[in-house]
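# Topology and contacts: notes
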Amino acid sequence: MQTGRFVDLIHKKKEGKPLERQEIRNMVSRYAAGEIPDYQMSAMLMAICFQGMDDEELTALTLAMRDSGDTADLSGIPGIKVDKHSTGGVGDKTTLIVGPLVAACGVPVAKMSGRGLGFTGGTLDKLESIPGFRIDLTEEEFFRAVRSAGISVIGQTRNLAPADKKLYALRDVTGTVESIPLIASSIMSKKLAAGSDKILLDVTTGSGAFIKDLEQSRELARRMVAIGKGAGRETAAMLTSMEEPLGNAVGNTLEVIEAIETLRAGGPEDLREVCLALAGMMLSLGKEGISYEEGRKLAEETLDSGAAYRKFVEMVEGQGGDSAYIEDPDMFQRAACKRELTVREEGYISRMDTERIGIAAGILGAGRETKESVIDYSAGIIMKKKIGDRVRCGDVMAVLYSSSEEKLERAEQCMQNSYTVSDLRPEPLKLVVDIIR
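Scope of this entry: the structure provided in the associated data block.

### Considerations on the layout of surface pockets
Estimated volume of the second largest pocket: approximately 180 Å³. Along its surface, the second largest pocket is lined by E244, D270, K386, I387, G388, P426, E427, P428, L429 and L431. Tallied by class, residues from the lining of the second largest pocket come to 5 nonpolar, 1 polar and 4 charged.

This is the structure we're talking about:
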């Protein structure tokens, strides 16, 4: 493909005409090889942003990015492997609960997870807050762990979808990140490369999600499910609310402790409900002849029995973690400084700026302000009030934890306008907004 011919392709997409499968494959492979310059690919990405892609184009783009690198072969692990991916949110520690829960029900979980991105926390960062826990298992160790415990969660050690990494870096600096087709293909290229038999997508929506508009979230879910179908991989999506932090804890160690409480049949009700819904859907995918409702019931029974907690301990021990911290969470290191954020008026908590709460947690040290930042695992926020709660002046809205008073000061200022108090109690939040199969 010479430069002139690629210009013709840009014109074709700019005019709203669909690209052919082979044109898309050539475009991705040649860009990954450095044969198409960034300025031309930027023009193509912008054309896609404005004109969109149909499902056939989108599947072709996703598979081309998947095939640009390694793909994991999980066929050596018995059973139907079901992967879960969340589009991210504040306080989203569901993998720590859902993974062991599903594994305890007999469905193997061989999961590659990511680190924190922007104002959202990463599963790997949370797991690494457990002393000794290894996320860098070799392929042999990874397979052995899944065969033994039924679950392992590691970092992406393989060269998965390198074309997506290169394209994402370009999108990040050309204003083309917020495109539903490009987001969908980016996520699904890595999920398909990770090798699981079936995929559940947790598409968060609301003020603490990357996509805040419900209809856009629903469209993203629909497009990703269509990609899965086009790739021959059964895929389901669950839209979950991120209008407030999920659970009460925001921050790595704090979230691990809250996950442990939930695995012990306690924890915040909203976190428990979302985890049971996700687990129920994963079980309906991973077990023949089981409906979502039956899967959810099985998940609830398994969670209340303590089997999921024991599976989590087994996973931690299998990946080198010190399970004494799981059995006695008081052993976790606590932050040196803390501060209470108090309510200044009376009424009902009617809404939250959840993204702002996530940003505040990052300021405290729970996330990375730069790529070189070192995470303070003990930093974070415990929310004391949720949407719908009645509050009075002086009530504690949240407790902030950090290693320094200066960070507490900055985070407190960030959180001052992170919630709204109204005279009328709002309608209860719908935690599971929609299901797309």
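### Examining the side chain of S152
With respect to the helices and strands, the residue S152 is situated in strand β3 (residues 151-155). Here the side chain of S152 touches Q319 through a polar contact of 2.9 Å, side chain to side chain. Apart from residues no more than four positions distant in its own chain, S152 is found in contact with V109, A110, K111, L137, F142, A145, V146 and Q319.

### Description of the sheet that holds strand β5 (residues 235-241)
Reading across from one edge, β1-β4-β5-β13 is the order of the 4 strands in this open sheet, with mixed pairing throughout. The sheet is open, and its two borders are formed by β1 (82-86) and β13 (432-436), each paired with just one other strand. On average, adjacent strands in this sheet sit at an angle of 15° to one another, irrespective of strand direction. Here β1 pairs with strand β4 (residues 198-205) via 5 bridges, running parallel. Within the sheet, the bridge partner assigned to S86 lies in β4 and is D202. On top of the sheet, helix α10 (residues 214-230) reaches β4, β5 and β13; it is set at about 165° to β5, its chief contact.

### Notes on unusual backbone geometry
Positioned with a positive phi, A161 is a non-glycine residue whose angle comes to about 45°. In the Ramachandran plot, A265 falls in the positive-phi region, its phi being about 70° despite a non-glycine side chain. Following the sequence through the fold, A265 ends up in the loop between α11 (252-263) and α12 (269-286).

Cut-offs and rules
- Residues numbered from 1 in each chain as written.
- Predicted model: local features only at pLDDT ≥ 70, side-chain atom pairs only at ≥ 80, totals over all residues.
- Heavy atoms only, no water.
- 1 Å grid on protein atoms, 1.4 Å probe; cavity = no way out; pocket = protein on both sides within 12 Å on 5 of 7 lines; lining within 4 Å.
- Points joined across faces, edges and corners; volume = space filled by probe spheres on them.
- Nonpolar A, V, L, I, M, F, W, Y, C, P; charged D, E, K, R; others polar.
- Helix = DSSP H or I, 4+ residues; strand = E, 2+ residues; numbered from the N terminus.
- Polar contact = N/O pair within 3.5 Å; in protein donor to acceptor, adjacent residues only side chain to side chain.
- Contact = heavy atoms within 4.5 Å.
- Pairing = 2+ DSSP bridges.
- Axes fitted to C-alpha atoms, helices over the stretch in contact; angles between N-to-C directions.

Functional significance is not addressed by these values, which are geometric in nature.
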